[in-house]
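# Understanding the architecture of this molecule
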Amino acid sequence: MLIGELSRRTGVSPRLLRYYEAQGLLDARRGPNGYRDYDEDSVLTVRQVRALLNAGLSTEVIRSLLPCARGERPEFDMCVDLRAILDRELAAVDERIDGLRRSRSTLAGYLGKP
């Protein structure tokens, strides 16, 4: 399928699809005319990428997780290093949450609110 059809089927702009390809998240063959040609699996891949981006993961992390992903949600087969990657990302999110809590507490203190 061409990039326009993939865009329509996933709701992701062609520009973003080209970005995913540049980041190594999506593969496309090139036809003789130079147009990108995506296979049917690309729809699932784009949906997986979107779900993982919504989880707060970077494209670099997603690139390492995609080979282990299955389904739209996605779920994961426990590939080599997968648990370590997800543990590291979860720890980073916990650190950001702790930092936001400290910031909130400080700001609330300025306002005299608990």
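See the structure printed just above.
In this report, the structure presented in the accompanying data block is examined. What you see is a predicted model; the values in this text were computed from it and never measured. The numbering scheme is per chain: residues are counted from 1 as the chain's sequence reads. Given that the model is predicted, a residue must reach a pLDDT of at least 70 before its local features are reported, and side-chain atom pairs must reach 80 or more before they are shown or counted; all residues, however, enter totals for whole chains, interfaces and linings. Heavy atoms throughout the structure, all of them, feed into the side-chain values; hydrogens and water do not.

### Side note on the nonpolar core
Note on terminology: a nonpolar core comprises buried Ala, Val, Leu, Ile, Met, Phe, Trp, Tyr and Cys residues joined through side-chain atoms within 4.5 Å. Relative accessible area decides the class of each residue, using a 1.4 Å probe on protein chains only: under 20% of the type maximum gives buried, over 50% gives exposed, and in between gives partly exposed. Counting residues in each nonpolar core, the largest one holds 21 residues, and the members touching the most others are Leu 6, Leu 17, Tyr 20, Leu 26, Val 46 and Ile 62. Put simply, DSSP H or I for four residues or longer makes a helix, DSSP E for two residues or longer makes a strand, and each gets a number counted from the N terminus. At the level of elements, α1 (3–10), α2 (14–22), α3 (41–54), α4 (59–65) and α5 (82–110) are the ones that each hand at least two residues to this core. At four residues, α3 tops the list of elements feeding residues into this core.

### Remarks on the side chain of Gln 48
Relative to the helices and strands, Gln 48 is located in helix α3. Note on Gln 48: relative accessible area 5%, which makes it buried. Whenever two N or O atoms come within 3.5 Å, that pair is a polar contact, provided that in protein one can donate a hydrogen and the other can accept it, and provided that, for residues adjacent in sequence, both atoms are side-chain atoms. Of the polar contacts made by the side chain of Gln 48, one reaches the backbone oxygen of Gly 71; its length is 3.0 Å. Two residues qualify as a contact provided that any one of their heavy atoms is within 4.5 Å of a heavy atom in the partner residue. Contact partners of Gln 48, with chain neighbours within four places excluded, come to Leu 66, Ala 69, Arg 70, Gly 71, Glu 72 and Pro 74.

### Some remarks on the environment of Leu 52
Topologically, Leu 52 is positioned in helix α3. For the pair formed by Leu 52 and Ile 62, sequence separation is ten residues and the distance between their alpha carbons is 6.7 Å. When neighbours within four sequence positions are excluded, Leu 52 is seen to be in contact with Leu 57, Ile 62, Leu 66, Pro 74 and Phe 76.

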